[in-house]
Amino acid sequence: MTKTNRFNAVWYVGLAVLPLLFILLSLFIGRYPMSISDVAGTLFNASASSPEKYSIIWQLRLPRTLAAAFAGASLAVSGAAFQGVFRNPLVNSGILGVSNGAGFGAALSIVVFGIGFSTYVFSFLFAVVAVLLSYLSGRIYGTTPNIMLILGGVVVSAFFGALTSIMKFAADAYSQLPAITFWLMGSFANVNYTHFIALIPMTAGITIIFLLRWKINVLSMGDKEAAALGVNVKAYKGIIIAAATLSTAAAVCISGVIGWIGLVIPHICRMLIGNDNDKLIPMSIAFGASFLVLIDIIARNISTAEIPIGLLTAIVGTPFFVYLLKKTKGGGWR
């Protein structure tokens, strides 16, 4: 094995271990303290553990932590993919209306059917519908240049944002409106193993983006340059956008709207290692998963009432991003 191959192997192993460490840490931290022997015994010999410890580890902490890790990875890698494909540092995973579409779907489901599994189904479906409408809006001139697609996403986001406001206006003020508001702020409080079906599209989207990360390098050079290098620009753009949308929609449908991650985590990674998507994409996956697990730990332990994750991602993340921006002088974006 060459020196370069050894370095790459260590690099990928390190990135894989990082979120695993945060997931393991989350099993120990909570209002009910757990020792190393408690966690190890419950994980590897569940039948011998007490019902309380089994419930805390297997039914409460583990499912929500795994969901947070997958959601964080999905949002971060989708943001990195969108920024590369659109060649725009301000693009995030909700630029094509995913978040607002999901928000409307959830609000509609809560008003019509109440809180239940339909909330996750509706939020996922309307997130996909929002992206399709953004794409159709971008083709108003028969083509889909980046600027038209982004503008289409802005219009569709505003449209679904207005529809969500209508749903909030029509909702019952004592039961439905608080549920809609809390969902829109993001949380993993109600996640259980029935929601793990969303991990399938998240994993599929992450995998596709990871496998096509070198294509994003080519696409970030510009459409003409990519075409000159023999890349089918339209096809690969469509595949990458579809994969990013799929993973983002699945993440949002179980977590609610969580901002900041898709925009800033890729920038943090870019400041640390540069623009090469061959390393940026896997690093965004690892950092996104680790960061959201850490935020989830803080959300459920910082006070007696669980704080919505969407609030903490901005409060905790923004100062850290400003610090890195100052330290690196904005380096890392071409």
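Bear in mind the structure is a predicted one, so any value in this text is a computation, not a measurement.

1. Observations concerning the pattern of salt bridges
Under the counting rule described, the total for this entry stands at six salt bridges. Measuring nitrogen to oxygen at the nearest pair gives 2.8 Å for the salt bridge that ties Asp 38 to Lys 53. In this pair, Asp 38 is assigned in helix 2 (residues 36-44) and Lys 53 in helix 3 (residues 51-86), connecting sequence segments 15 residues apart. A salt bridge links Glu 306 to Arg 64, with the nearest nitrogen and oxygen atoms 2.9 Å apart. Of this pair, Glu 306 sits in the loop between helix 13 (277-301) and helix 14 (309-328) while Arg 64 sits in helix 3; the two residues are 242 residues apart in sequence, bridging distant segments of the chain.

2. Overview of the packing of aromatic side chains
Tallied over the full model, the rule gives 11 aromatic pairs. Taking the centre distance of 5.7 Å and the plane angle of 45° together, the rings of Phe 104 and Phe 160 count as tilted. Within this pair, whereas Phe 104 is found in helix 4 (residues 98-113), its partner Phe 160 is found in helix 6 (residues 146-170), the two being separated by 56 residues in sequence. The interplanar angle of 70° and the centroid separation of 5.5 Å between the aromatic rings of Phe 159 and Phe 160 together place this pair among those described as edge-to-face. Clustering of aromatic rings is evident, with ring pairs tying together Phe 104, Phe 113, Phe 122, Phe 126, Phe 159 and Phe 160.

Cut-off values and rules
Residues numbered from 1 in each chain as written. Predicted model: local features only at pLDDT ≥ 70, side-chain atom pairs only at ≥ 80, totals over all residues. Heavy atoms only, no water. Salt bridge = Lys/Arg side-chain N within 4 Å of Asp/Glu carboxyl O. Helix = DSSP H or I, 4+ residues; strand = E, 2+ residues; numbered from the N terminus. Phe/Tyr/Trp six-rings, centres within 6.5 Å; stacked < 30°, edge-to-face > 60°.

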